[in-house]
Amino acid sequence: MRRRTFLSLVGAVAAAPALPRVASALDYPMRPITIIVPFPAGGPVDTLARLLSEPMRIALGQPLIIENVGGAGGSIAVARLARAEPDGYSMILGNWTSFVGTPAVYPVPFDVKNDFAPVALLAFSPLMLVGRKSLPANNVKELIAWLKTNPGKATSGTIGVGSPSQVGAIYFQKLTGTQIQLVPYRGAAPALTDLLAGQIDLRMGAEASQMLPFLKSNSVKAFAIMDKTRWAPAPDIPTIEEAGVPELALSFWQAFWVPKSTPDAVVAKLNAAAVAALADAGVRQRLSELGEDIPPRGQQTPQALGAFHRSEIDKWWPIIKAAGIKPE
């Protein structure tokens, strides 16, 4: 056999395993796609997944199946994605808790920085610092003064280890020199019930969309939006920066990821479908009603999500680890 012919055959054999993968990326998708949701059905993450699934079905030509995999701050669901084939038929609707807070606390069986490919940043849900209606303070400055005169007596409800409510409360104490008792809850609903009943004093990192009806009825006191900009549904509430604690800016964001090594063409198709869904008038209206903010188009690319995720890890991991937060 001539040397040139032999080398051509060797090259063809070496390239053969890649051919089906390229072909499948070009034909993708050819069957239903699973969206893993790392929290129970009915919550805000699940709601967003179901809201996006129909317009994405239209864009992709295949149904999207929601799979709720709760537990361990979302790490069980993220581990499930890490074990999935990198073919675009499994993706996760991750968020600040599952992709920043939890991996800083739990000994997770994956590398959250390197085991996943970003697809698209989807939404921001502003967080709030709120208190019981009868709390004597009326703004953050007065709240800090009240806490300092009552060290260790005030209570703040938290939802899960490594969650924004826990991390926010711990960091607030460090920034302001205050002492607060943290009261853990299994979910936002019972924490809200106790706040409304005056059984706890504060919620730091409460989702603004959940609090909106109670703000309108004056059932709670809103001290600040934990963001850099004011929130359109309640524009009179100051930002945490305006309130004097700028370092506490923390937003509960949500995004799509797939396993690493997923073909770029597949990631591009998923990104295009997500972007199209976010541009849908019905989706935008519903997200507005839920108090969710859609990121600008330039922040919806895989590259933008990757850079944003790294910046969130760089900011919050040192804070979480310095606080000594441990798994329950």
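Preceding block: the structure.
If you're wondering where the values come from, they're calculated on a predicted model, not measured in any experiment. (Residues numbered from 1 in each chain as written. Predicted model: local features only at pLDDT ≥ 70, side-chain atom pairs only at ≥ 80, totals over all residues. Heavy atoms only, no water.)

Draft legend 1. Representation of the overall build of the protein in the model. Along the protein, the regular secondary structure elements total 12 helices and nine strands. Projected onto its principal axes, the C-alpha coordinates of the protein cover approximately 90 × 40 × 30 Å. By residue count, 50% of the 328 residues in the protein fall in the buried class. Put simply, of all contacts in the protein between residues at least 6 apart along the chain, 77% involve residues at least 24 apart. As displayed, the protein has an accessible area near 14,800 Å², and 55% of this comes from carbon and sulfur atoms. Between the mean site of the 31 positive side-chain charges and the mean site of the 25 negative ones, the protein shows a separation of 5 Å. (Helix = DSSP H or I, 4+ residues; strand = E, 2+ residues; numbered from the N terminus. Buried < 20%, exposed > 50% of the residue type's maximum accessible area, 1.4 Å probe, protein only. Contact = heavy atoms within 4.5 Å. Areas by Shrake-Rupley, 256 points an atom, 1.4 Å probe, with all protein chains shown as cover. Lys, Arg positive; Asp, Glu negative; His and termini not counted. Charge placed at Lys NZ, Arg CZ, Asp CG, Glu CD.)

Draft legend 2. Geometry of helix 7 (residues 164–176). Relative to the 18 Å expected for 13 residues at 1.5 Å per residue, helix 7 spans 17 Å between its end C-alpha atoms, a close match to the ideal helical length. The buried fraction of helix 7 amounts to 10 of the 13 residues, a majority that puts the element mostly inside the structure. (Expected span 1.5 Å × (residues − 1).)

Draft legend 3. Summary view of the nonpolar core. Counting 88 residues, the largest nonpolar core has Met-56, Leu-122, Leu-143 and Phe-256 as the members making the most contacts within it. By residue number, the principal contributor to this core is strand 4 (residues 116–132), which donates 10 residues. Contacts of Phe-256, omitting those with residues within four sequence positions, involve Ile-35, Leu-52, Met-56, Met-91, Ile-92, Leu-93, Pro-118, Val-119, Ala-120, Leu-122, Ala-274 and Leu-305. (Core = buried A, V, L, I, M, F, W, Y, C linked by side-chain atoms within 4.5 Å.)

Draft legend 4. Highlighting the packing of aromatic side chains. A complete count under the given rule lists nine aromatic pairs for this structure. Centre to centre, the rings of Phe-110 and Phe-116 are 5.8 Å apart; their planes meet at 75°, and the pair counts as edge-to-face. Taken as a pair, Phe-110 and Phe-116 share a single burial class, namely buried. Residues Trp-253 and Trp-257 carry aromatic rings whose centres are separated by 6.0 Å and whose planes lie at 50° to one another, so their mutual orientation is tilted. In this structure Trp-257 comes out as buried when scored by relative accessible area, which is 2%. An aromatic cluster is defined as three or more aromatic residues linked by ring pairs; in this entry it consists of Phe-99, Phe-110, Phe-116, Phe-124, Trp-253, Trp-257 and Phe-308. Across from the ring centre of Tyr-89, 3.8 Å away, lies the NZ or CZ of Arg-31, which sits over that ring. (Phe/Tyr/Trp six-rings, centres within 6.5 Å; stacked < 30°, edge-to-face > 60°. Lys NZ or Arg CZ within 6 Å of the ring centre and 35° of its normal.)

Draft legend 5. Structural context of the pattern of salt bridges. What the rule picks out here adds up to eight salt bridges. For Asp-87, the salt bridge goes to Arg-31, with nearest N and O atoms at 3.4 Å. Of this pair, Asp-87 sits in the loop between helix 4 (75–82) and strand 3 (90–95) while Arg-31 is found in the loop between helix 2 (18–27) and strand 1 (33–37), placing the two residues 56 residues apart along the sequence. Taking the relative accessible area as the measure of exposure, Arg-31 reaches 41% and is therefore partly exposed. In this structure, Glu-67 engages Arg-80 in a salt bridge whose closest nitrogen and oxygen atoms are separated by 2.7 Å. Taken together, the residues span a long stretch of sequence, with Glu-67 in strand 2 (residues 64–68) and Arg-80 in helix 4 at a distance of 13 residues. (Salt bridge = Lys/Arg side-chain N within 4 Å of Asp/Glu carboxyl O.)

Draft legend 6. Fine view of the environment of Ala-206. Checked against the element boundaries, Ala-206 lands in strand 7 (residues 202–207). Residue Ala-206 is classed as buried on the basis of its relative accessible area of 0%. The spatial distance from the C-alpha of Ala-206 to the C-alpha of Val-266 is 36 Å, given a sequence separation of 60 residues. With sequence-adjacent residues up to four places away left out, Ala-206 is seen in contact with Pro-126, Leu-127, Met-128, Val-130 and Met-211.

Draft legend 7. A look at the side chain of Glu-312. Along the chain, Glu-312 falls in helix 12 (residues 302–322). Lys-315 provides the closest opposite charge to the buried, unpaired Glu-312, separated from it by 5.8 Å. Here Trp-253 takes part through its side chain, which lies 2.9 Å from a polar atom of the side chain of Glu-312. The contacts of Glu-312, once residues within four sequence positions are left out, are Trp-96, Val-100, Trp-253 and Trp-317. (Polar contact = N/O pair within 3.5 Å; in protein donor to acceptor, adjacent residues only side chain to side chain.)

Draft legend 8. Here's a closer look at the pairing of strand 7. Strand 7 sits mainly inside the fold: six of its six residues count as buried. Direction of pairing for strand 4 relative to strand 7: antiparallel, over a ladder of five bridges. Pairing of Leu-127 across the sheet is with Glu-207, part of strand 7. (Pairing = 2+ DSSP bridges.)

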